[in-house]
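# Structural overview for review
Residue strings, one per chain:
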Amino acid sequence: MALVYTLDFEKPLNRLEAQIESLERGERPDDLPPEKDASTLRKEHTQLLRRLYSGLTPWDTVRVARHPKRPQSRDYISMICKDFCELHGDRRFREDPAIITGFGRIGSIKCLIVGHHKGRDTQEKLACHFGCAHPEGYRKALLKMQLAAKFRLPIVTFVDTPGAYPGIGAEQRGQAEAIAVNLREMSRLKTPIVSIVIGEGGSGGALGIAVADRVAMLEHAWYSVISPEGCAAILWKEANEKNNNAAAEALHLTARENKRLGIIDAIIKEPLGGAHRDPLKSADNLRKWIIEQLDELRRIKPETLPARRYERFRNLGKFTERPLPADDA
Amino acid sequence: MSRAPVRSWTELKPARATRVPEGLWLRCPACAQMIYRKQMESNLHCCPECDHHFRIGAVERVRQLLDDGSFVSMFTNLFTNDPLKFVDSRPYKDRLAKEQERTGEDEGVQCGEGFIKGRAVMLCVLDLNFFMGTLSSVVGEKITRSIEYATERDLPMVIVSASGGARMQESGLSLMQMAKTAAALARFDDAGGLYISVLTDPTTGGVTASFAMLGDVILAEPRALIGFAGPRVIKQTIRQDLPEGFQTSEFLLDAGMVDRVVPRRELRNEIARLIDFANK
């Protein structure tokens, strides 16, 4: 039950978890009142967990989304996908492990899966640049998505990136162009696309694989134009705990706010206490939502999908429109 | 940090200024020569000594690019309304009001129809003077409407970019303008339209990563800063000094990311002949 890594606001759970653990080992902690046993403690733990997670601030949410134990694309692929057949390479420059692409079956539906990957151990994290893809990653994603469209396979993308990689090579090889082309080409792919922000949805790097017919977020994911730290550093002149908090609030980056603004279509429930406490349950919710959407989208003629997708993004943005002054003539 | 001592003012290299300080004379930030403002202005805002391209606002750009008096401004009925009630050290509403008062403009883009050397075009120019030309809902909407208008009439589309990127104060809504404008350009492309993208100093972030890099032909003004991530962010990430000339137009030309580097005085000619080559 106890996680090796605990977030600040989860600290009150630690004592309970330690007590439950020692009871399970058959030892009785000295500080435990006699009327309490393992089951009452577990109940207390659940209540506390529910209380803590129902009052998450946006900045807390960002930290849950970055929890080191939070399931990543590869975890979800292994949990919801049968017969995954990974495809590598952009055929131009090199293989970028920060974006995974491959064929697989979700339920009975054959599809192409694309996902950012952050990496688990230090070595993998470094290879993946902590989920920050290079242009070759975005180009690989597009190449495989076009392959999917050719074979009329629907596309499922998992978004989980702090942002596209900012580096010399990335700029030289056209990071901006790679993302821009993905936005343009995804908008006209004649096959269903569903995207889910499973952790971090950082800016253009996230959007670069998220121009979809249906977009969802996991309950504790975040999606925004910039990370709270980046925003705090620019607008508040310094990224510290207080400013990050304020920036996270101001950016409206939670699933609920993104839903309210119409940027996403659905919020996928996470198990109590976040996806990292019960990855299987989280994967199950994810799988159900994907299958539901793909079943619906499969009934639409693929040729008409780009027009619908266009309408979806066309309507995003909020402003005031006043009537034009009438012509004098 | 220790620095080599500066012995005289001629060794001082002033920082690149966004706006030119007031006065009859000014110092060119590139060659450090004192130049006569009127002469610089009549030279399309380029230094008469070294041809340094000063940053210019959208109104001036429209004036320079289009045939005299041919500009018909469009979509002027859209207004920004602070959808997120964004407040940092100052409320977004106040910042907007101040920008509007300072510039006399409603938003950071000029859109409209006009002629370049007698050729009809749909022109959008991002306005650096207004909120650093950042991409707001209104800017995205105006550009999208312009692209749709050009699609319906088969007009060549010219977008002159100059922008700090997405507008943080509109967060996710600003981000979505990238997808919106890119999707509109897909339809324009499907219809066989010609889109000439002109990159000017500076073009960065979400603007570069959407319509700015999607031109059928991409032109860039000399020595402009063009990139996805800002140089400071890159420096912090890789903890190395950046090579000389990194993220300039010339760097991008070498990297194969733009078609031509075009001095300001040649822009009209270049756009006109591209329109001719594309049979538009």
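In this numbering scheme, every chain counts its residues from 1 along its sequence in written order. Key to labels: chains lettered from A, ligands numbered from 1, both in the order written. Side-chain atom pairs in this predicted model are given and counted only at pLDDT of 80 or more, local residue features only at pLDDT of at least 70, and totals for whole chains, interfaces and linings cover all residues. Only hydrogens and water are set aside when side-chain values are computed; all heavy atoms of the structure are taken into account.

## Structural notes on the pairing of strand β4 (residues 155-161) of chain A
All names here are of chain A.
- When accessible area is computed with a 1.4 Å probe and restricted to protein chains, residues below 20% of their type maximum are described as buried, those above 50% as exposed, and intermediate ones as partly exposed. Each helix is a run of DSSP H or I of at least 4 residues and each strand a run of E of at least 2, with the numbering of both proceeding from the N terminus. Where burial is concerned, most of β4 is hidden: 7 out of the 7 residues are buried.
- Burial along β4 is two-sided: the face carrying Ile-155, Thr-157, Val-159 and Thr-161 and the face carrying Val-156, Phe-158 and Asp-160 are both buried.
- Sheet topology note: the strand β3 (residues 109-116)/β4 ladder contains 4 bridges and is parallel. Paired with Leu-112 across the bridge in β4 is Ile-155.
- Here a strand pair is declared whenever DSSP counts at least two bridges between the two strands. The pairing of β4 with strand β5 (residues 193-202) spans 6 bridges and is parallel. Bridge assignment links Ile-155 to a residue of β5, and that residue is Ile-193.

## Points about the packing of helix α2 (residues 58-65) of chain B against helix α9 (residues 267-277) of chain B
- As a packed pair, α2 of chain B and α9 of chain B sit with axes 9 Å apart at the nearest point and diverge in direction by 65°. Between α2 of chain B and α9 of chain B, the residues in contact are Arg-61, Gln-64 and Leu-65 of chain B and Leu-267, Arg-268 and Ile-271 of chain B, respectively. Note on definitions: angles span 0 to 180 degrees between N-to-C directions of axes, and those axes are lines fitted to C-alpha atoms, for helices only across the stretch in contact. Any two residues whose heavy atoms approach within 4.5 Å at even a single point are treated as in contact.

## Section: the environment of Arg-119 of chain B
All names here are of chain B.
- Along the chain, Arg-119 turns up in strand β6 (residues 119-126).
- Put simply, Arg-119 and Arg-273 are 154 residues apart on the chain and 9.8 Å apart in space, counted from C-alpha to C-alpha.
- Sequence-distant contacts of Arg-119, defined by excluding residues within four places in its chain, comprise Gly-114, Ala-272, Ile-275 and Asp-276.
- Side-chain atoms alone can form a polar contact between residues adjacent in sequence; in general such a contact is a pair of N or O atoms within 3.5 Å, and within protein one must be able to donate a hydrogen while the other accepts it. Separated by 2.6 Å, the side chain of Arg-119 and the backbone oxygen of Lys-117 make a polar contact.
- Within polar-contact distance, the side chain of Arg-119 engages the side chain of Asp-276 at 2.7 Å.

## Observations regarding the sheet that holds β6 of chain B
Residues and elements named next belong to chain B.
- Read across the open sheet, the 7 strands follow the order β3-β5-β6-β7-β8-β9-β10; overall the sheet is mixed. Of all the strands in the sheet, just β3 (72-73) and β10 (260-261) have a single pairing partner and so form its edges.
- Pairing of strand β8 (residues 195-203) with strand β9 (residues 217-220), which is carried by 4 bridges, proceeds in the parallel orientation. Opposite Leu-199, over in β9, you have Ala-220 as the bridge partner.
- The strands touched by α2 are β5 (109-116), β6, β7 (157-163) and β8; relative to β6, the strand with the most contacts, the crossing angle is about 160°.

## Some words on the domain arrangement of chain A
All names here are of chain A.
- By the assigned domains, chain A splits into domain 1 (8-55) and domain 2 (62-314).
- Boundaries of every domain are those given by an automatic assignment or by a domain database. If you average the C-alpha positions of domain 1 and of domain 2, the two centres end up 35 Å apart.
- Opposite the 9 residues of domain 1 that make contact, domain 2 presents 9 residues.
- Summed over both partners, the accessible area lost on bringing two parts together, with a 1.4 Å probe, is the buried area. Buried surface at the junction of domain 1 and domain 2, summed over both partners, amounts to about 690 Å²; 61% is from carbon and sulfur atoms.
- By definition here, a salt bridge exists when the distance from a side-chain nitrogen of Lys or Arg to a carboxyl oxygen of Asp or Glu is within 4 Å. Our count for the contact surface shared by domain 1 and domain 2 stands at 3 salt bridges.
- In this structure, Arg-63 engages Asp-8 in a salt bridge whose closest nitrogen and oxygen atoms are separated by 3.5 Å.
- Here domain 1 and domain 2 share 3 residue pairs in polar contact (both at pLDDT 80 or more) between them.

## Points about the nonpolar core
- Remark: nonpolar core denotes a set of buried residues (Ala, Val, Leu, Ile, Met, Phe, Trp, Tyr, Cys) joined through side-chain atoms within 4.5 Å. The biggest cluster of nonpolar side chains holds 143 residues, and the ones touching the most others in it are Val-156, Phe-158, Ile-196, Tyr-223 and Ile-290 of chain A.
- Considering every element that reaches this core, the biggest residue donor is helix α5 (residues 171-190) of chain B, with 10 residues.
- Formed by 21 residues, the second largest nonpolar core is a distinct cluster that contains Ala-58, Leu-194, Val-198 and Ile-275 of chain B.

## Examining the domain arrangement of chain B
All names here are of chain B.
- Along its sequence, chain B is organised into domain 1 (18-54) and domain 2 (56-278).
- Computed from C-alpha coordinates alone, the two centres of domain 1 and domain 2 are separated by 24 Å.
- Listed per partner, the contact involves 7 residues of domain 1 and 10 residues of domain 2.
- In total, about 790 Å² of surface goes out of reach between domain 1 and domain 2, with carbon and sulfur atoms giving 55% of it.
- Joining domain 1 to domain 2, the criterion identifies 1 salt bridge.

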